[in-house]
Amino acid sequence: MSKTIIEKFAESIGIIPKLEKEEGGLDRLTEAGDLTKFPPIEKWDNWVEYEAKAWPLKEKKNYAIVPTTCFNCESACGLTAYIDKETMRVRKFEGNPYHPGSRGRNCAKGPATVNQLNDPDRILYPMKRVGNRGDGKWERVSWDAALDDIAARIRKALQEGRNNEVAYHVGRPGHEGYMDRVLQAWGIDGHNSHTNICSSGARFGYAIWYGHDRPSPDHANAKFILLVSAHLESGHYFNPHAQRIIEGKMAGAKLCTMDPRLSNTASMSDYWMPSYPGTEAAVLLAIAKIILDEGWYNRAYLENWVNWQEFLKATRPDQERTFENFILAVREEYREYTPEYAEKESGVKAAMIRETAKLIGEAGTRFASHNWRSAGSGNLGGWAVARCLHFLHVLTGSVGTVGGTAPNTWNKFHPEFFDKPPAQKFWNELHFPKEYPLAFFEMSFLLPHMLKEGRGKMDTYFSRVFNPVWTYPDGFMWMEAFKDESLFGCHVALTPTWSETAYFADYVLPMGLASERHDLNSYETHSGVWIAFRQPVLREAARRMGKNFTFTYEVNPGEVWEEDEFWIELSWRIDPDGSLGVKKHFESPYRKGEKITIDEYYQYIFEHTKGLPETAAKEGLSALDYMRRYGAFVVEENSYLKNEQLLKPEQ
Amino acid sequence: MRYGFIIDNRKCIGCHACTTACKSEHDVPIGVNRTWVKQVEKGTFPNTRRLFSVMRCNHCTDAPCVEICPVEALYFREDGIVDFDKRRCIGCKSCMQACPYDALYIDPETHTAAKCNYCAHRVDLGLEPACVNVCPEHAIISGDMEDEDSEIFQLLSRQQVKVRKAEKGTQPNLFYIDGDEASLNPSFTEKSDTYLWNAQTRGVGHYAKEAEKLAWSNDDVLKAVMQANGQNSLEGGSVKSIELMLAGAEKARRAYDAPNKGILWGWEVSAYVLTKAISAGVFMVLFMANFFNWGLDSDGALWWTLGTALVFLGLTGAFLVKDLDRPDRFLNVIFRPQWKSWLVRGGYGITFYGGLLTLIAVAAYFNWQTIADFAKIITLLLSVFVAIYTAFLFAQAKGRDFWQSPTLALHMLIHSLMAGAASFLLLAVLDQSSFETGGFLNNFLMIGIRLNLLIMFFEFLTPHMTEDAHRTADMILKGRYSRLFWLGAIGLGNVLPLFLLTFSNQNMTSALAGLFALAGIYLTEKIWVEAPQRIPLS
């Protein structure tokens, strides 16, 4: 583009403004024509690029690139924050190429994190209720005042043996074992969750098969993928799983989805089974029947890993205990579940059930599936969906195989903590009432009802990223209970943003978003084990520039804090003299008798992570510094067939 | 080197990550998009699916937006990227009419045009565009299409690919693997019904200036929604043509789409076409009358003509500037010219025409006969140019099929001649000595009207080659514009004046006929300007 003579003349005499053409002067990362995805990690401390908004003016912006993890769902995909070193604000988020789960890519929610940071309605300072609970009037308080007040309440409750009156009710945990350790250190049975209105149905179905309560499908290597509900666009591990489902599909896998809705997943599937809600199990039983009848089952696996002798003994004591008899017996059990029966139940065409059963049989050990909430949580007996689905894996022997579906724990990291408090000595019946002996998770939806029945009270109740007033079936009941100060003595809402539940709190304490907090993440996104480090990026950027802070809220927007440091501080104040036995669980493993810092907490974990200190040392870094820089670490790759490994004596 | 995109629909799961990554990278305001995912559902249960199509600038080799842009705010880079410079943009929205792919929008903060620029600021550092980086499925592939080692070259060589609207001859550099006509071709599906945020008329994009007004009363919101509703639907005959097109296939519907941009060229543009027609028309008619000795040879007639031409030329300029989203930059048309743009050519034409009219006035005043005579001949050529250049501008607006009609220049010339004669019939009421009615002016207008009707007849008689043009014609003849067209443009604007002129020689009736004819021209231009803009481009 070159200016015409007219334009040059008009600019020179000032009729129109002179538009300068700037020379950028920044070097390319690649040869002309080639493009790469991310700036090289050596440049992350000092990355200069052109500001898109000023373009074609070549305005240079100097960024510190700091990895963290997304917190807009459970997956904890990698993010890198681009921190403008001049303003110390996050300009944008991109992916983290070093994150083994997300591999540098994200869903729409990743880059959108910047909107949450800049939300004009977010809570920036600790707030205390003024007037009656639920009046919506607040005053700003200091963290010190809030901590002292809450700590004193808990201390009194613990001193008086009212341990069951302190509870922590969580929506989205987002960490590995941190809170369980804190609650145990306090000596309370204080954990409540949202799981019973969410995944407990699916978890139960899996747990009764193999003691692990989640599936970990190896989609990328599968030949047939069966999804119960829309796992290409929602569900746990959306982005990491969606990547691998399509990878599997591009490598030739067939994709089948059972979903009453025309979801994106259903649309992308080779087979869409629009089953009536609650009938998924019927289809799965019919597939099992076909596999059994046609002899497509994996005999070696069944013989080895299924207690078929016990089954025969229990159901057909008169028969000889041969595998053939076992198969005949199971076929007899499944006789009624014909594809036609399933079609009548579910609306899924019998022909499609036959076709997919054949493909599952052919896929054999390379059959991957996923089922989580939806069918499992939305229907009476929904737990049977996971149970029936897993039976197909047992039949095909695709448990923990390449392209199969593994127990989640094979692909999940278990951190080693600096201190392990003893198990709690209390049983809180407000969480697990005795009349529900089979409850797989806390009967959390009953909490306000039980309080109103006079079965107990909550002296100090923390809700964390949890909004029952809005999301539970009977929000009005929660409102009623929250308003009653004899039921909830003090309600502390830990949340990054306002919610209907926070409205009925005594303290609303602002907790950081994805880039404003510490957490350790590890999820079963594929075959392998990884950890990722969620960190407050402004604090890390400041640290790299030589500026250290005691608490994350000193560097976050306003006084937004994070749970990790909050719990350490609160615990310390609950037991200032150590008489309750709480304090000792929050003492530094590196400085005897002193309060642990958040850096020390993670330093200890990373120093005790298999392979991490060695990898870090190769780059001349400590384990903690390695995680601060890369944000993630691969602990183990290809975690297949762990059931076939010989156990060591100590195991 | 030539950068291009592939959207691999074998892999795209419609997750909108590209949309948000782009929003974040470029800090794109609410309601406008540089890239978006259109979702279309086709078939009937259970044989149905949702199709995802990532929509954005196609970085065309022969980009109509670059050609039409009057100020070179849009330009080709050497690597094939079509980039833009918001500092030059005047907000004329002609790029939005020229782009057949709906790629551009008016940024509600800068009031200038914007679109996907392939993240040129990243590419210059060797980084992939933000959308490519974020995509969970690697379904967006960027790269140098001339590099045989590149993934994009290999995919283009081995896969069946499809572009949007290949018939436009724009040579798009964005290719779809497994692209589906139901999703890529906007005429396959109706625009979705209006809801709060799916129409920019609700106060974003070009309509951002209305936002404040709309925000404060429910009444206004209701009105806006109703208006937007009208803007979206294609009533009447057009529906029939869609049904015809879909005969045999199940009707597809839009499940998700970017906000509708509404009418971009409004009444200002129809008004400017009318004032321009009058300004050019009076001179043309005067010249012909003098040349063929039909009359109008008085000094009075000359001064009235020059005055009328200059006043209406001034109005023309005022409407043109008013239509800009950056009226403060209107001088860019003259001083930062991009010569291929008919907006620039027209702008210069109007300027010279105004200058020559002034020169004639000066020459007439000082009685410089030779100069006046010479100037008149050049002015005649310029007046014809001024009358018809808009047809070439409209033709440059490749997004609007109906404007590609070869009759459009003739249509504007006839309109201008009619407007000239009609104006004189009105002036006759004021100055009977300079303009006599009942004579050649009446006949001139009658012939003009007959020719006008003939052109319209041919416009609609000849089959429209493209679906969009066909639908526009249906909208005019049978759809939402039929009443305005038949009663207003044809009845009031042509038949009634023809009737009046045929059966009466009275001063007042002739003037009335002139007035109706002018109203008819305005209504016709309103329909011609508006109707094609109601056809969705994406």
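Since the model is a prediction, treat every value here as computed from it, not as a measurement.

Now for the interface of chain A and chain B. Counting residues at the interface gives 62 residues for chain A, matched by 65 residues for chain B. Buried area between chain A and chain B, summed over both chains or domains, comes out near 5,300 Å², and the portion from carbon and sulfur atoms is 57%. Where chain A meets chain B, there are eight salt bridges. Measuring nitrogen to oxygen at the nearest pair gives 2.9 Å for the salt bridge that ties Lys92(A) to Glu25(B).

So, about the packing of helix α3 (residues 143–159) of chain A against helix α20 (residues 563–574) of chain A. All names here are of chain A. It is at 8 Å that the axes of α3 and α20 come closest, and there the two elements cross at 55°. Overall, the two elements α3 and α20 adopt an arrangement that is oblique. Seen along the crossing, α3 lies across α20 with a hand that is right-handed. Contacts between α3 and α20 pair Trp 143, Asp 144, Leu 147, Asp 148, Ile 150, Ala 151, Ile 154, Arg 155 and Leu 158 from the former with Phe 566, Glu 569, Leu 570, Arg 573 and Ile 574 from the latter. Classifying every residue of the contact of α3 with α20 gives nine nonpolar, no polar and five charged.

Residue and element names in this part refer to chain A. Inspection of every chain in the model, using the stated rule, returns 88 salt bridges over all chains. Two residues, Arg 172 and Glu 74, come together in a salt bridge whose shortest N-O distance is 2.4 Å. Within this pair, whereas Arg 172 is found in the loop between β7 (166–170) and α4 (178–186), its partner Glu 74 is found in the loop between β2 (60–69) and β3 (78–84), the two being separated by 98 residues in sequence. By relative accessible area, which is 8% here, Glu 74 ends up buried. Across the salt bridge formed by Glu 636 and Lys 642, the nearest N and O atoms sit 2.8 Å from each other. One network of salt bridges, with partners in common, ties together Asp 45, Glu 540, Arg 543, Arg 544, Asp 599, Asp 625, Arg 628 and Arg 629.

Judged by nonpolar contacts, the single largest core of 162 residues is most densely connected at Leu296(B), Phe394(B), Phe424(B), Leu441(B), Leu445(B) and Phe485(B). Among the elements that make up this core, the one with the highest residue count is helix α11 (residues 267–291) of chain B (15 residues). Beyond its immediate stretch of four places on either side in the chain, Leu445(B) contacts Met418(B), Ala421(B), Ala422(B), Leu425(B), Leu501(B), Ala513(B), Gly514(B) and Ala517(B). Formed by 70 residues, the second largest nonpolar core is a distinct cluster that contains Tyr168(A), Phe566(A), Val582(A) and Ala120(B).

Residue and element names in this part refer to chain B. Strand order in the open sheet formed by four strands is β8-β1-β10-β9, and the pairing between neighbours is mixed. Single-partner strands in this sheet number two, and they are β8 (140–144) and β9 (161–162). Pairing of strand β1 (residues 3–8) with β8 involves five bridges; the strand directions are antiparallel. When the sheet's bridge partners are listed, Ile 6 is paired in β8 with Ile 141.

The subject of this paragraph is the pairing of strand β16 (residues 488–495) of chain A. Residue and element names in this part refer to chain A. Along β16, eight of the eight residues are buried, which leaves the element largely enclosed by surrounding structure. Where strand β15 (residues 458–464) lies against β16, six bridges are found, and the strand directions are parallel. Residue Tyr 461 lies in a different strand from β16, and its bridge partner there is His 491. In this structure, β16 lies alongside strand β17 (residues 507–510), joined through four bridges in parallel fashion. Along β17, the bridge assignment pairs Thr 495 with Pro 510.

All names here are of chain B. Most of helix α1 (residues 17–26) sits inside the fold, with eight of its ten residues counted as buried. The complete set of buried residues in α1 reads Ala 17, Cys 18, Thr 19, Ala 21, Cys 22, Ser 24, Glu 25 and His 26. Once α1 finishes, Asp 27 follows within two positions and takes phi at roughly 50°, a positive value.

Here the focus is a negative patch on the surface. Negative charge collects at one region of the surface, where Glu31(A), Asp34(A), Glu148(B) and Asp149(B) lie side by side. Mapped onto the secondary structure, Asp149(B) falls in the loop between β8 and α6 (151–158). Given a relative accessible area of 67%, Asp149(B) falls into the exposed group.

Attention shifts here to the confidence of the model for chain B. Here chain B shows a mean pLDDT of 90. Residues at 70 or above account for 91%. Interface predicted TM-score (ipTM) for the complex: 0.95; the corresponding pTM is 0.94.

All names here are of chain B. Across the sheet, three strands lie side by side as β3-β2-β11; this open sheet has antiparallel pairing. Edge positions in the sheet fall to β3 (47–56) and β11 (253–256), since each has one partner strand and no second. Strand-to-strand, the axes of this sheet are offset by a mean angle of 30°, without reference to chain direction. Where strand β2 (residues 35–44) lies against β11, three bridges are found, and the strand directions are antiparallel. Looking across to β11, one finds that Gln 39 is bridged to Tyr 256. Sheet strands in contact with α1 are β2 and β3, and its direction is about 165° off that of β2.

A cluster of nonpolar side chains, Trp303(B), Leu359(B), Val362(B), Tyr365(B), Phe366(B), Trp368(B) and Ile371(B), forms an exposed patch at the surface whose accessible area comes to about 700 Å². Tallying contributions element by element places helix α14 (residues 342–366) of chain B first for the nonpolar patch, with four residues.

Criteria and thresholds
- Residues numbered from 1 in each chain as written.
- Chains lettered and ligands numbered in written order.
- Predicted model: local features only at pLDDT ≥ 70, side-chain atom pairs only at ≥ 80, totals over all residues.
- Heavy atoms only, no water.
- Contact = heavy atoms within 4.5 Å.
- Buried area = accessible area lost by both parts, 1.4 Å probe.
- Salt bridge = Lys/Arg side-chain N within 4 Å of Asp/Glu carboxyl O.
- Axes fitted to C-alpha atoms, helices over the stretch in contact; angles between N-to-C directions.
- Helix = DSSP H or I, 4+ residues; strand = E, 2+ residues; numbered from the N terminus.
- Parallel < 35°, antiparallel > 145°, perpendicular 65-115°, else oblique.
- Left-handed = near helix turned anticlockwise from the far one by under 90°.
- Nonpolar A, V, L, I, M, F, W, Y, C, P; charged D, E, K, R; others polar.
- Buried < 20%, exposed > 50% of the residue type's maximum accessible area, 1.4 Å probe, protein only.
- Core = buried A, V, L, I, M, F, W, Y, C linked by side-chain atoms within 4.5 Å.
- Pairing = 2+ DSSP bridges.
- Patch = residues over 30% accessible without salt bridge, like charges linked within 9 Å, V, L, I, M, F, W, Y side chains within 5 Å.
- Areas by Shrake-Rupley, 256 points an atom, 1.4 Å probe, with all protein chains shown as cover.
- Lys, Arg positive; Asp, Glu negative; His and termini not counted.
- Charge placed at Lys NZ, Arg CZ, Asp CG, Glu CD.
- pLDDT = per-residue confidence, 0-100.

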